[in-house]
Amino acid sequence: MTTTVWGLIIKWLIVFVLLKSNIFITSYGIYTISYYDDCHPENRPKIIVFFIREIDHTKHEGNKPRVLITGSLGQLGTGLASVMRKRYGVQNVFMSDIIKAPPNVAASGPYVFADILDFKRLQELIVTHSIDWIVHFSALLSAVGENNVPLAMRVNIEGLHNVLELSKQYKLKLFVPSTIGAFGPDSPRNPTPDLTIQRPRTIYGVSKVHAELMGEYYFHRFGMDFRSLRFPGVISADTNPGGGTTDYAVHIFHDALQTGDFTSFLRRDTRLPMMYIDDCLRSVVQFMEIPSNQLKQRTYNVTAMSFTPEELVAEVRKHVPHLKAKYEPDSRQKIADTWPEVFDDSNARADWGWKHEYDIKGLCDIMFEKLRPVYDTDSHPDNASSKDGKQKRTTA
Ligand SMILES: NC(=O)c1ccc[n+]([C@@H]2O[C@H](COP(=O)([O-])OP(=O)(O)OC[C@H]3O[C@@H](n4cnc5c(N)ncnc54)[C@H](O)[C@@H]3O)[C@@H](O)[C@H]2O)c1
Ligand SMILES: C[C@@H](O)[C@H](N)C(=O)O
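All figures in this text were calculated on a predicted structure; none of them were measured in a lab.

Considerations on the site of ligand 1
Next, step 1: Looking at ligand 1, there are 26 residues lining it, with Gln75, Asp97, Ile116, Tyr204 and Lys208 nearest.
Next, step 2: One of the backbone nitrogen or oxygen atoms of glutamine 75 is found 2.8 Å away from an oxygen atom of ligand 1.
Next, step 3: Note that an oxygen atom of ligand 1 is positioned 2.6 Å from one of the side-chain N or O atoms of tyrosine 204.
Next, step 4: Its free accessible area being 830 Å², ligand 1 has 91% of it covered by the protein chains.
Next, step 5: Broken down by secondary-structure element, the contributors of at least two residues to the shell around ligand 1 are β6 (178-179), α9 (203-222) and β8 (233-235).

Observations regarding the sheet that holds β8
Next, step 1: Here 3 strands make up an open sheet; going across it, the order is β8-β10-β12 and the pairing mixed. Edge positions in the sheet fall to β8 and β12 (305-307), since each has one partner strand and no second. Strand-to-strand twist in this sheet, taken as the mean axis angle between neighbours without regard to direction, amounts to 45°.
Next, step 2: Strand contacts of helix α11 (residues 277-289): β8 and β10 (272-276), with the helix running at about 80° to β10, the strand carrying the most contacts.

Details of the UniProt feature "domain: NAD-dependent epimerase/dehydratase" (unreviewed entry) in the chain
Next, step 1: Mapped onto this structure's residue numbering, the UniProt feature "domain: NAD-dependent epimerase/dehydratase" (unreviewed entry) falls at residues 67-302.
Next, step 2: In the segment residues 67-302, helix accounts for 41% and strand for 18%; the C-alpha atoms at its two ends are 22 Å apart.

Side note on the packing of aromatic side chains
Next, step 1: Scanning the model with the defined rule gives 14 aromatic pairs in all.
Next, step 2: Taking the centre distance of 6.2 Å and the plane angle of 85° together, the rings of tyrosine 217 and phenylalanine 222 count as edge-to-face.
Next, step 3: Seen in terms of ring centroids, phenylalanine 287 and tryptophan 352 are 5.0 Å apart; in terms of plane orientation they differ by 40°. Their pairing is tilted. Residue phenylalanine 287 is located in helix α11, and its partner tryptophan 352 is located in helix α14 (residues 346-352); the two are separated by 65 residues in the primary sequence.

A few points about the nonpolar core
Considering soluble globular proteins, one finds that nonpolar side chains tend to be buried as a cluster.
Next, step 1: With 73 residues, the main nonpolar core has Phe231, Phe253 and Trp352 as its most contacted residues.
Next, step 2: With 8 residues, helix α15 (residues 360-377) is the single largest residue contributor to this core.
Next, step 3: Within the second largest apolar cluster, 25 residues are counted, among which are Val112, Leu160, Val163 and Val176.

Describing the packing of helix α4 (residues 77-88) against α11
Next, step 1: Look at α4 against α11: their axes get within 9 Å of each other, and the N-to-C directions meet at 45°. Relative to α11, α4 is oriented oblique. Taken as a pair, α4 and α11 cross one another with a handedness that is right-handed. Each of Gly79, Leu80, Val83, Met84, Arg87 and Tyr88 in α4 lies in contact with α11, whose residues at this interface are Leu281, Val284, Val285 and Glu289.
Next, step 2: Grouping the constituent residues of the contact of α4 with α11 by class yields 7 nonpolar, 1 polar and 2 charged.

What about the site of ligand 2?
Next, step 1: Around ligand 2 sit Leu141, Ser142, Thr179, Ile180, Tyr204, Gly244, Thr245, Thr246 and Trp339, and those are all the residues in its vicinity.
Next, step 2: Computed on the free molecule, ligand 2 has an accessible area of 250 Å², of which 93% lies beneath the protein chains in the complex.
Next, step 3: Here the residues of the shell around ligand 2 are counted per class, giving 4 nonpolar, 5 polar and no charged.

As for unusual backbone geometry
Next, step 1: In the segment running from asparagine 190 into proline 191, the intervening peptide bond is cis, with an omega of 0°.
Next, step 2: For proline 191, the location among the structural elements is in the loop between β6 and α9.
Next, step 3: Even without being a glycine, serine 130 presents a positive backbone phi close to 50°.
Next, step 4: Note that serine 130 resides in the loop between α6 (119-128) and β4 (133-136).
Next, step 5: The phi dihedral of lysine 171 falls on the positive side, at around 55°, and the residue is not glycine.
Next, step 6: Here lysine 171 is to be found in the loop between α8 (149-169) and β5 (173-175).

Some remarks on α8
Residues spaced three or four apart along an α-helix face the same direction, because each turn holds 3.6 residues.
Next, step 1: The terminal C-alpha atoms of α8 lie 29 Å apart, and with 21 residues this matches the ideal 30 Å at 1.5 Å per residue to within 8%.
Next, step 2: Inspection of α8 places Ala152, Val155, Asn156, Ile157, Gly159, Leu160, Asn162, Val163, Leu164, Leu166 and Ser167 among the buried residues, and these make up the whole buried set.
Next, step 3: With a side-chain oxygen positioned 3.3 Å from the backbone nitrogen of leucine 151, the residue opening α8 is asparagine 148.
Next, step 4: One or two steps after α8, the chain reaches lysine 171, where phi turns positive at roughly 55°.

Procedures and definitions
Residues numbered from 1 in each chain as written. Chains lettered and ligands numbered in written order. Predicted model: local features only at pLDDT ≥ 70, side-chain atom pairs only at ≥ 80, totals over all residues. Heavy atoms only, no water. Near = heavy atom within 4 Å. Polar contact = N/O pair within 3.5 Å; in protein donor to acceptor, adjacent residues only side chain to side chain. Areas by Shrake-Rupley, 256 points an atom, 1.4 Å probe, with all protein chains shown as cover. Helix = DSSP H or I, 4+ residues; strand = E, 2+ residues; numbered from the N terminus. Pairing = 2+ DSSP bridges. Axes fitted to C-alpha atoms, helices over the stretch in contact; angles between N-to-C directions. Contact = heavy atoms within 4.5 Å. UniProt positions renumbered as here; feature names shortened; annotations may be inferred. Phe/Tyr/Trp six-rings, centres within 6.5 Å; stacked < 30°, edge-to-face > 60°. Core = buried A, V, L, I, M, F, W, Y, C linked by side-chain atoms within 4.5 Å. Buried < 20%, exposed > 50% of the residue type's maximum accessible area, 1.4 Å probe, protein only. Parallel < 35°, antiparallel > 145°, perpendicular 65-115°, else oblique. Left-handed = near helix turned anticlockwise from the far one by under 90°. Nonpolar A, V, L, I, M, F, W, Y, C, P; charged D, E, K, R; others polar. Expected span 1.5 Å × (residues − 1).

This is the structure:
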């Protein structure tokens, strides 16, 4: 007999022994199988992969997860959809939001309307498209939330309740990002660990602590696979920030290239944790693919660097030496003064191998590499985006 036939016989003998010994046929075993079912193939133990192949009932291309991203037209969603589509297949990742998608996004893969406050619509999408994971990005950020507290309560709190209930009902894996804004003036600020006092002073922060606690409750009470990462300020070139306290760290790059004049809305010495978007998106994918039993917590801090506006100006001047900078703190200063200065993400690094790639120098290099062509080649400064879809600065 050939080696292949012997291999098959040995494999089936192993399955037979496993079946006989009930290792995977208990209710726990079935749970384990469905759990591994939505893992990336590389992360699956080999025997279970083999066994799943025999009983696989999913119709998804290559057994990849089907993902719904809410609020996907914001700063983080478009990039995450692109990363996940490369990994899981274009047709397996559904972008959704309440605004009309720009042509480049509409042409890039499935995009659907979904108001996070509309439970039935979300339910319909989950059932129709056989969704396995939700990445819940819809939110009003810190500064915008303070300007419209009732709306922030609806979107950030009621919206969360909808995705929690649906994830429980349909046994989905749910990712909800949290933030440095989930801490407050009573938290240790340098460094801020995962587990400490959380008494935020913004509706945004309060809604994120609520999300962390509700998600962890659903995990312990119902076994729902809830996961959350607390992000620092995220800095991106391809998309604009959505109205947060850390937005100055994106504005500076556009201002340096557009006018050479930058006004920081935070004081020169306000230190905040930050991260380049590629690190942020990589952390989401890596974290979502870690087997559930390897996670010691459901909510982890992640970060890459911490700097002040003055330190960022110094680094940006290495690329644009003529940059003029002023510091005119506004209402966002009060928020920043209550947030962590340095984030302790040692648990994420130890438990699931989180590692950032971009420090402040790497961040500035990549931001200028991406944004220079946008400002150099486009002769229409009022256009919000260049021909390749890269965004010019549009927010105040
Ligand atoms: N960007 C950051 O620096 C940062 C840092 C920490 C955490 N986060 C979190 O990551 C997530 C994504 O952040 P972002 O920067 O992309 O936010 P963003 O403000 O850029 O985008 C939020 C999106 O939510 C959508 N939205 C608003 N109301 C909605 C509704 N009723 N139904 C559906 N969608 C609605 C908006 O249209 C928008 O596209 C948020 O939960 C945010 O709290 C972001
Ligand atoms: C830090 C983060 O949550 C967001 N960029 C904000 O400033 O609101």
